[in-house]
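Residue strings, one per chain:
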Amino acid sequence: MLLSLSWLREFVPYEGTAQELGDRLTMLGLELEEIVRPYDAIAPIVVGHVVECVDHPESDHLHICKVDAGQGELLDIVCGAPNVAAGQKVPVALVGTTMPGGLVIKKAKLRGAPSCGMICSERELGLTEDHSGIMVLPDSAVPGARLVDTLELDREVLDISITPNRADCLSVLGLARETALAFNLPLTIPELPLSEDGPARDLPPVEISDPELCNLYAGRVITGIKIAPSPMRIRHRLHAVGVRPISNIVDVTNYILFECGQPLHSFDLDKLKGGRIIVSPAAQGEKFVTLDGQERTLDARDLCIRDAERAVGLAGVMGGLNTEIDENSSNVFLESAVFRPGTIRKTSRRLGLSSEASYRFERGIDHKRAIWSLDRACAMMVAAAGGKVCPGYTLAEPRPFVPVQIEFRPARANALLGVELSPAFDEKVLSGMGCAITKTSDDSWQVTQPSWRPDLTREADLIEEVGRVHGLDTIAPELPAFLQDLDRAGEPMSTFQFWSRLRHWGAGLGLNEAVNYSFVGHKDLDLLGLPAEGRISIMNPLSAEQDALRTVLAPGLLHDLRNNLAQGAAGVRLFELANTFTAAPSDDPHATGATETGMLGVLLYGQRHDSAWPHAEADMDYSDLKGIVEHLLHFLNLAAPVCRLDESHPYLLPCVRLSVDGTGVGVMGRVRPEMADSFHARKDVWLAELDLGVLRRLHDAAQVRFRSLPVFPPVRRDITVAAPLGVTVGAILDQIMAQKQPLLEGAVLVDSFSPEGSDERNLTFRLTFRHAERTLKDAEVDKVREKVAQSLVQTLGVRI
């Protein structure tokens, strides 16, 4: 939204700078993008008085003028404009001035006559495209004065970014309300009295076929107008906010749109057929030519304005070429309406046709200002184009505006915001926004929504407004006190707490958490070989790549992998906690349409360590994934998993199914290389998906027992065995612990070496010995170590 500072000051007596205003609006949630100074390029242009104008003796179209530009002496300026004449006040570019197009004015001779400056047209000044002659200023202009001051041009324009919920701020009036509230200033709306002195005539009746699509439609008739350029002030103001002036009638509708936020449309009354207006949906496949000359193909979702025979306007978006105001128009039917925002938005997007009007209708406009804006526009049109306004207006209002009544509790506002605000401050803010307040008690107020704030529907909305004006940036970032009832100390943790624990576990393990959309593409699920049964399609997807709810976490994690690889990541370690969705059985009377299952996904790819570590080139493999899964189960106080190979999994090969205490908890394995290649993976991708619901049940059922920490130090001994390739590490560890030596506390594999060409491998295990009541001696440790070694030799046939 482009806001002219001088235009704003017609509504509020703001005396500060544009930057100060922008900073304050930004803190109110209306972000300042930039400050534009549209007329800085013509700031050096001054007013000149043409004292004398004679024909150039050597030319049939040039004129030699003597111009008083406030320099103390008359300037000789040669001008070729056909309308230059003595006595005129004109804009003059003095020698040394740089014009908007880059031309530098210099002293020159034109066919022998000296010229010390240039008399400018509107196009040369960048004001309009009019180059038919020089720009003639009002007689009240003072020679030597700056042109921008004489014309009172809008020197500073603020580009304000408006959030979608604040449609009321898409006008000067709306931003004036915000300014008045922010700086405690009075708001005054300049009056434009309307005189209905035109001839009495029958006004076109209005018929609305569907009240859901159009809540209000009103119109007035103006007769005897004369189409011409708008007054200079209107043209220059529209130019300052980026709108091209067209004619007095059209410019007034644009002026009111920016000033009040109410889109209007003017029809040539003589081109309307049948003497009536119908607001109804288009016929499927109907053709319609809009004002831009393009033929549009409509469908039944588009809302049209019709006369008795045809469509004459695309409601809320653009008028039709068949009722356009042109230079021959003399009678105008001016409409003001309130359309359903969703209908206008869908039409605008489907046709790729966006306008200032549709931009506002899409977000919702002020229902109660529709007729007021209509009257204001008629008064301006009569002043700009002559003519007379016929008495009365035609109106159809099937759905009058009914404001929402909202309960507001000052104590609740303080609790939600975390600051102590006085009731007087709350009342000042809400009344300053235009709300009507009825105090049913000191603790509860009844607040009536203003017509220009359709976004205020709940108490939380009012609390947000109070906090916004107070200054959200001034609220200290302190967490409120949370009082835990000791009576609930023994209750199981909530799902949120359980998931939070897992998030801390993943982050502490060095994994990065991924947060993905719940939506994936059917083609992603097809690529992974997942069945079509049980999928839930999205009726109105954001894109073709997000047209289904995910049934597994793999698609999102694989897309994350592709994005990280595109950024040059050498190693990727991700985890995600999220729900998957499958269609609920149709015979389930309690089904809601979808079954949600909480899942934990882990994805590993590429380098095991960062480049600063030794052997950084080593890549992660199955052992890394298995270690993470076992670490998770240990973290949840569960037993080590039982692994079973599954060769039928659709996208993991090899795939290992995991179970704990006979209950399946998930799968892990390598993504099939041909599928991983689709996500730009050039190395093995390791993936695990675990059912959080099952893990939670097992976790809650687990019995946690405590034992005293050891007091005496451990003694560790290494033992290296040469084992045939068929002997697994697990078998050796099981045999070591199966001896149940009282001093042996544990054993772990610390090294593995496979000599080239040998059918054996050397495995080094570290044995830990400890006594609960005394420090061990070397002799007794060595004795137990020897027993373990002999047992391995005799049972497994290994060599020590």
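Naming follows an unreviewed UniProt entry, where the chain appears as Phenylalanine--tRNA ligase beta subunit of Desulfovibrio piger. The Sequence similarities (unreviewed entry) field of the UniProt record for the chain holds the comment "Belongs to the phenylalanyl-tRNA synthetase beta subunit family. Type 1 subfamily." What UniProt states about the chain under its Catalytic activity (unreviewed entry) heading is, verbatim, "tRNA(Phe) + L-phenylalanine + ATP = L-phenylalanyl-tRNA(Phe) + AMP + diphosphate + H(+)".

Digging into the pattern of salt bridges
Summed over all chains, the structure comprises 53 salt bridges. Between Arg233 and Glu152 there is a salt bridge, and its shortest N-O distance comes to 3.3 Å. Separated by 81 residues along the polypeptide, Arg233 in helix H5 (residues 232–240) and Glu152 in the loop between helix H3 (147–150) and strand S10 (157–161) bring together distant segments of the chain. Given the relative accessible area of 38%, Arg233 is considered partly exposed. Between Arg696 and Asp700 there is a salt bridge, and its shortest N-O distance comes to 2.9 Å. Note that Arg696 and Asp700 are positioned in helix H18 (residues 692–701) at a spacing of 4 residues, about one turn of the helix. A relative accessible area of 14% places Arg696 in the buried class.

A few points about helix H6 (residues 248–260)
At 3.6 residues per turn, the α-helix brings residues three or four places apart onto the same side. Relative to the 18 Å expected for 13 residues at 1.5 Å per residue, H6 spans 18 Å between its end C-alpha atoms, a close match to the ideal helical length. For H6, the tally of buried residues reaches 12 of 13 residues, placing the bulk of the element in the interior. Residues of H6 that are buried: Asn248, Ile249, Val250, Asp251, Val252, Thr253, Tyr255, Ile256, Leu257, Phe258, Glu259 and Cys260. Gly261 lies just past H6 and shows a positive phi near 85 degrees.

Here we look at the packing of aromatic side chains
Scanning the entire structure with this criterion turns up 6 aromatic pairs. Aromatic side chains Tyr622 and Trp686 sit 6.2 Å apart centroid to centroid with 55 degrees between the ring planes, which places their arrangement in the tilted category. Note that Tyr622 is positioned in helix H16 (residues 622–635) and Trp686 in strand S34 (residues 685–691), a separation of 64 residues in sequence. The positively charged end of Arg177 is found above the aromatic ring belonging to Trp452, 3.9 Å away from the centroid. A cation sits over an aromatic face here: Arg363 above Tyr359, 3.7 Å from the ring centre.

What about the pairing of strand S33 (residues 663–671)?
Where strand S32 (residues 652–660) and S33 come together, 7 bridges link them in antiparallel fashion. In the sheet register, Leu652 faces S33, and the bridge partner there is Val671. Hairpin geometry of S32 and S33 is characterised by an intervening segment of 2 residues between the two adjacent antiparallel strands and by a positive phi of about 55 degrees at Asp661.

Describing unusual backbone geometry
Of the consecutive residues Leu653 and Pro654, the connecting peptide bond is found in the cis state with omega at 0 degrees. Along the chain, Pro654 falls in strand S32. Its identity as a non-glycine residue notwithstanding, Arg111 has a phi of 55 degrees, on the positive side. Mapped onto the secondary structure, Arg111 falls in the loop between strand S7 (108–110) and strand S8 (113–115). Positive phi outside glycine occurs at Lys740, with the angle close to 50 degrees.

Some words on the side chain of Asp307
Of note, Asp307 is situated in the loop between strand S17 (303–306) and strand S18 (311–314). On the basis of relative accessibility, which here comes to 2%, the residue Asp307 falls in the buried class. From its side chain, Asp307 meets the backbone nitrogen of Lys273 in a polar contact 3.0 Å long. Among the polar contacts made by the side chain of Asp307, one reaches the main-chain amide nitrogen of Arg310 at a distance of 2.9 Å. Not counting the four nearest positions on each side in its chain, Asp307 is found in contact with Lys271, Leu272, Lys273, Arg276, Ile278 and Val312.

What counts and what doesn't
- All residue numbers here refer to positions counted from 1 along the written sequence of the relevant chain.
- The predicted origin of the model limits local features to residues at a pLDDT of at least 70 and limits the giving and counting of side-chain atom pairs to 80 or more, whereas totals for whole chains, interfaces and linings rest on all residues.
- Excluded from the side-chain calculation are hydrogens and water; included are all heavy atoms of the structure.
- UniProt positions are given in the numbering used here, feature names are shortened, and annotations may be inferred rather than shown by experiment.
- Think of a salt bridge as a Lys or Arg side-chain nitrogen and an Asp or Glu carboxyl oxygen that are within 4 Å of each other.
- Segments assigned H or I by DSSP are reported as helices when at least four residues long, segments assigned E as strands when at least two residues long, and all are numbered from the N terminus.
- Exposure is judged per residue with a 1.4 Å probe applied to protein chains only, and the accessible area is read against the type maximum: over 50% gives exposed, under 20% gives buried, and values in between give partly exposed.
- Given a helix with a known number of residues, its expected span is that number minus one, times 1.5 Å.
- Note on aromatic pairs: the rings of Phe, Tyr and Trp (six-membered ring only in Trp) are paired at centre separations within 6.5 Å, and the planes decide the class, stacked below 30 degrees, edge-to-face beyond 60, tilted for the rest.
- Only Lys NZ and Arg CZ are tested; either one counts as a charge over a ring when it is within 6 Å of the ring centre and within 35 degrees of the ring normal.
- Being paired, for any two strands, means DSSP has found at least two bridges between them.
- Whenever a nitrogen or oxygen atom comes within 3.5 Å of another N or O atom, the pair is scored as a polar contact, on the condition that within protein one atom can donate a hydrogen and the other can accept it, and that pairs from neighbouring residues in sequence are kept only if both atoms are in side chains.
- Throughout, a residue-residue contact means that at least one pair of heavy atoms, one from each residue, lies within 4.5 Å.

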